[in-house]
Amino acid sequence: PFHPGVLRLLKIVIDSAHSASIPVGMCGEMAGYPLATVLLLGLGLDIFSMSAFTIPEVKKIIRSVSMSEAEELAGIVMEMKSATEIDSLVRKWMNERFDLI
């Protein structure tokens, strides 16, 4: 989920939809992946749809960060060139704040 091409595509879709006043939702594994939550918020994702099992953790994360923090993380990530580099940064960022890993 942290491949730079995937993240750029998501950002393009989100920005294009928002420019047309259309909210963007994501359903599936990435939407319910706690490590991706802040990054997806920072990219502008509006709606997260996931299995009931992951809702409490994702909800806690969403309530614990500001949009400016999420946007800052996303901005840094969007400049990175590899999935490994992105994964490492996101894990470090999330672990410092939420002790997920």
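Further up the page is the structure itself.
So, how was this worked out
Residues numbered from 1 in each chain as written. Predicted model: local features only at pLDDT ≥ 70, side-chain atom pairs only at ≥ 80, totals over all residues. Heavy atoms only, no water. Helix = DSSP H or I, 4+ residues; strand = E, 2+ residues; numbered from the N terminus. Rg over C-alpha atoms; globule rule 2.2 N^0.38 Å. Buried < 20%, exposed > 50% of the residue type's maximum accessible area, 1.4 Å probe, protein only. Contact = heavy atoms within 4.5 Å. Polar contact = N/O pair within 3.5 Å; in protein donor to acceptor, adjacent residues only side chain to side chain. Phe/Tyr/Trp six-rings, centres within 6.5 Å; stacked < 30°, edge-to-face > 60°. Lys NZ or Arg CZ within 6 Å of the ring centre and 35° of its normal.

Draft legend 1. Structural view of the overall build of the chain. For the chain, the helix and strand inventory stands at five helices and two strands. Computed over the C-alpha atoms, the radius of gyration of the chain is 13 Å, within 12% of the 13 Å expected from 2.2 N^0.38 for a compact globule of 101 residues. Its C-alpha atoms give the chain principal-axis dimensions of roughly 35 × 30 × 25 Å. Burial analysis of the chain (101 residues in total) assigns 39% to the buried set. When contacts within the chain are restricted to residue pairs at least 6 apart in sequence, those whose partners lie at least 24 apart make up 60%.

Draft legend 2. Structural detail: the environment of His 3. Here His 3 shows up in the segment before helix H1 (4-19). You can call His 3 partly exposed: its relative accessible area is 48%. Separated by 81 residues in the primary sequence, His 3 and Thr 84 have C-alpha atoms spaced 8.1 Å apart. Within the structure, the side chain of His 3 is placed 2.9 Å from the backbone nitrogen of Gly 5, a separation counted as a polar contact.

Draft legend 3. Looking closely at the packing of aromatic side chains. Scanning the entire structure with this criterion turns up one aromatic pair. Ring centres 6.1 Å apart and planes at 35 degrees place the aromatic pair Phe 2 and Tyr 33 in the tilted group. Highlighted residues: Phe 2 in the segment before H1 and Tyr 33 in the loop between strand E1 (25-27) and helix H2 (37-43), separated in sequence by 31 residues. Taking the relative accessible area as the measure of exposure, Phe 2 reaches 3% and is therefore buried. Stacked on the ring of Trp 93, the Lys or Arg Arg 97 has its end atom at 3.8 Å from the ring centre.

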